[in-house]
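# Survey of secondary and tertiary structure
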Amino acid sequence: MSRSAIVTGGASGIGLALAHELVRRGASVTVADIDGDGAERAAKRLSAEGAVSAARLDVTDAGAVAELYHRVAAENGGLDLVFNNAGIAVGGTTDELTLDHWNRAIDVNLRGVVHGVHAAYPIMVAQGRGRIVNTASLAGLVPAPLMAPYTATKHAVVGLSLALRAEAALRGVKVHVVCPGFVDTPLLRNANPDLPKTEIGEHAREAAIEVQRRLYDADALARDVMRGLARDRALIVAPASGRAAWRGVRLSPSAAARVASLAARRMLRPR
Ligand SMILES: NC(=O)c1ccc[n+]([C@@H]2O[C@H](COP(=O)([O-])OP(=O)(O)OC[C@H]3O[C@@H](n4cnc5c(N)ncnc54)[C@H](O)[C@@H]3O)[C@@H](O)[C@H]2O)c1
């Protein structure tokens, strides 16, 4: 296992599960989150098993991201593994979404990852080694209606990551992108944070269960991610139902859009 790691959005859900797996595997982990108290709590909990520190970090603040990543590299003699994982759920029918919904999704889910890459990649190029792991979503590979801003940002993260992977291979740096289906985390209960409410956003977890009967477990995903890294997978798509949906899109984008439209109708039906 690599030595020093940063996980953004590490106070909760997928980030917390990733941080836990990394600690178990002997990495020295910085849990970074806009929820500074949550990051402290996570670090305290995980420190029973290894070296963990906490940092309050807003990934929309490029300067703060660069400062943290450089500090962690300096304190650990390098930066081996970065998980640009922080993200928010933004959902609603596209006609009801405000530009604030679009801008927040872009700021956190896309710019947050851009800031992480912009900070970590030059450090890793200078080292001649390192791994960048960006959390996108299955919504970055398949049409995910009723959350167009989220879907757009996650497609962008997939594109960014695959382009960077091809280029970074020339510099000794590995890049991976994680594309999970719906995972059982607080994200699904907190859609549109600090944004105008939408009907689907208020019922995001129920809507997720409507299309993916069993939500994926964050700890299982974290183990799948570690397996994907060990196998040097460009795209880590999980669970199996997600890989099937992605295959469907590649076989017939038009048919996949029709299936997604039927799913949207079920998600919107009156409860
Ligand atoms: N839960 C799912 O169904 C699902 C599916 C696919 C992809 N994802 C992606 O996985 C990632 C993690 O989501 P999760 O499900 O664990 O959600 P979560 O809400 O449990 O955790 C997200 C964490 O990110 C933090 N965060 C939010 N905005 C931030 C910011 N500006 N700066 C720093 N930290 C910030 C939150 O405080 C929280 O601790 C996200 O990128 C999400 O889009 C989630």
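Residues numbered from 1 in each chain as written. Predicted model: local features only at pLDDT ≥ 70, side-chain atom pairs only at ≥ 80, totals over all residues. Heavy atoms only, no water.

Threshold: UniProt positions are given in the numbering used here, feature names are shortened, and annotations may be inferred rather than shown by experiment.
The name that an unreviewed UniProt entry assigns to the protein chain is SDR family oxidoreductase, with the source organism given as Bailinhaonella thermotolerans. Word for word, the UniProt comment on the protein chain under Sequence similarities (unreviewed entry) is "Belongs to the short-chain dehydrogenases/reductases (SDR) family."

### Examining the site of the ligand
Worth spelling out the cut-off: If even one non-hydrogen atom of a residue comes within 4 Å of a molecule or strand, that residue is called near it. Under the rule applied, a polar contact is a pair of N or O atoms within 3.5 Å (in protein, one hydrogen donor and one hydrogen acceptor; residues adjacent in sequence only if both atoms are side-chain atoms). Per-residue and other accessible areas follow the Shrake-Rupley method at a 1.4 Å probe size, with only the shown protein chains counted as cover for residues. By the criteria applied, helices consist of DSSP H or I runs no shorter than four residues and strands consist of E runs no shorter than two, each listed in order from the N terminus. Amino acid classes used here: Ala, Val, Leu, Ile, Met, Phe, Trp, Tyr, Cys and Pro are nonpolar; Asp, Glu, Lys and Arg are charged; the rest, including Gly, are polar.
Lining the immediate environment of the ligand, one finds 29 residues, of which Ser12, Ile14, Asp33, Tyr150 and Thr185 sit closest. Contacts to the ligand include Asp58, whose side-chain N or O atom sits 2.9 Å from a nitrogen atom. Within the side chain of Thr185, a nitrogen or oxygen atom sits 2.5 Å from an oxygen atom of the ligand. Its free accessible area being 830 Å², the ligand has 92% of it covered by the protein chains. Mapped by element, the contributors of at least two residues to the shell around the ligand are helix 1 (13–24) and helix 5 (148–168). Per-class residue counts for the shell around the ligand are 16 nonpolar, 9 polar and 4 charged.

### Looking at the pairing of strand 7 (residues 235–238)
Our working definition: Only protein chains enter the accessibility calculation, which uses a 1.4 Å probe; a residue is then buried when its area is under 20% of its type maximum, exposed when over 50%, and partly exposed in between. The pairing criterion for strands is at least two bridges between them, as found by DSSP.
The side-chain alternation of strand 7 yields two buried faces, one formed by Leu235 and Val237 and the other by Ile236 and Ala238. Judged from the 4 bridges that link them, strand 6 (residues 174–180) and strand 7 form a sheet pairing that is parallel. Directly across from Val178, in strand 7, lies its bridge partner Ile236.

### As for a negative patch on the surface
The following threshold applies: Patch membership is restricted to residues that have no salt bridge and whose relative accessible area is over 30%. Joining uses 9 Å for like charges and 5 Å for the nonpolar side chains Val, Leu, Ile, Met, Phe, Trp and Tyr. By salt bridge we mean one thing: a side-chain nitrogen of Lys or Arg within 4 Å of a carboxyl oxygen of Asp or Glu. Only four residue types enter the charge count, namely Lys and Arg as positive and Asp and Glu as negative; His and the chain termini do not. Here the site of a charge means atom NZ of a Lys, CZ of an Arg, CG of an Asp or CD of a Glu.
Taken together, the side chains of Asp95, Glu96, Glu199 and Glu202 make up a negatively charged region of the molecular surface. Of the residues examined, Glu199 reaches a relative accessible area of 46% and is grouped as partly exposed.

### Considerations on the nonpolar core
Put simply, the test is: For our purposes a nonpolar core is just a set of buried Ala, Val, Leu, Ile, Met, Phe, Trp, Tyr and Cys residues, chained together by side-chain atoms within 4.5 Å. Note on contacts: a residue pair qualifies if any of its non-hydrogen atoms lie within 4.5 Å across the two residues.
Counting residues in hydrophobic clusters, the biggest one holds 44 residues, and the most contacted among them are Tyr69 and Leu79. Sort the elements by how many residues they give to this core and helix 4 (residues 99–127) lands first, with 10 residues. Sequence-distant contacts of Tyr69, defined by excluding residues within four places in its chain, comprise Ile6, Thr8, Leu79, Val82, Asn84, Gly116, Ala119, Ala120 and Ile123. Core analysis: the second largest hydrophobic core is formed by 32 residues, Ala39, Ala43, Met226 and Ala238 among them.

### Examining the packing of helix 3 (residues 62–76) against helix 4
Spelled out, the test is: Angles here are taken between N-to-C directions and fall from 0 to 180 degrees, while the axes themselves are lines fitted to C-alpha atoms, restricted in helices to the stretch in contact. Throughout, the term roughly parallel applies to angles under 35 degrees, roughly antiparallel to angles over 145, roughly perpendicular to angles from 65 to 115, and oblique to all others. Each crossing gets its handedness from the near helix: less than a right angle anticlockwise from the far helix is left-handed, clockwise is right-handed.
One way to put it is that helix 3 packs onto helix 4 with a least axis distance of 8 Å and a crossing angle of 30 degrees. Classified by the interaxial angle, the pair formed by helix 3 and helix 4 is roughly parallel. In this structure, helix 3 crosses over helix 4, and the sense of that crossing is right-handed. Residue-level contacts link Ala62, Val65, Ala66, Tyr69, His70 and Ala73 of helix 3 to His115, Gly116, Ala119, Ala120 and Ile123 of helix 4. The residue inventory of the contact of helix 3 with helix 4, partitioned by class, reads 8 nonpolar, 3 polar and no charged.

### Side note on helix 2 (residues 36–46)
Every α-helix winds through 3.6 residues per turn, so residues three or four apart in the chain are directed the same way. Cut-off, in case you're wondering: Think of it as the arc spanned by the lines of direction from the helix axis to the C-beta atoms.
Looking only at helix 2, the buried set comprises Gly36, Gly38, Ala39, Ala42, Ala43 and Leu46. Mapping the buried residues of helix 2 onto a view down its axis gives an arc of 155 degrees, with all of them on the same face. Opposite the buried face of helix 2, by more than 90 degrees, sit the exposed residues Asp37, Arg41, Lys44 and Arg45.

### A short note on unusual backbone geometry
At the junction of Ala238 and Pro239, the peptide bond is cis and its omega measures out at 0 degrees in the coordinates. Inspection of the secondary structure assignment puts Pro239 in the loop between strand 7 and helix 9 (240–251). Despite not being glycine, Leu146 has its phi angle at roughly 70 degrees, a positive value. Following the sequence through the fold, Leu146 ends up in the loop between strand 5 (131–135) and helix 5. For Asn192, which is not a glycine, the phi torsion comes out positive at approximately 55 degrees.

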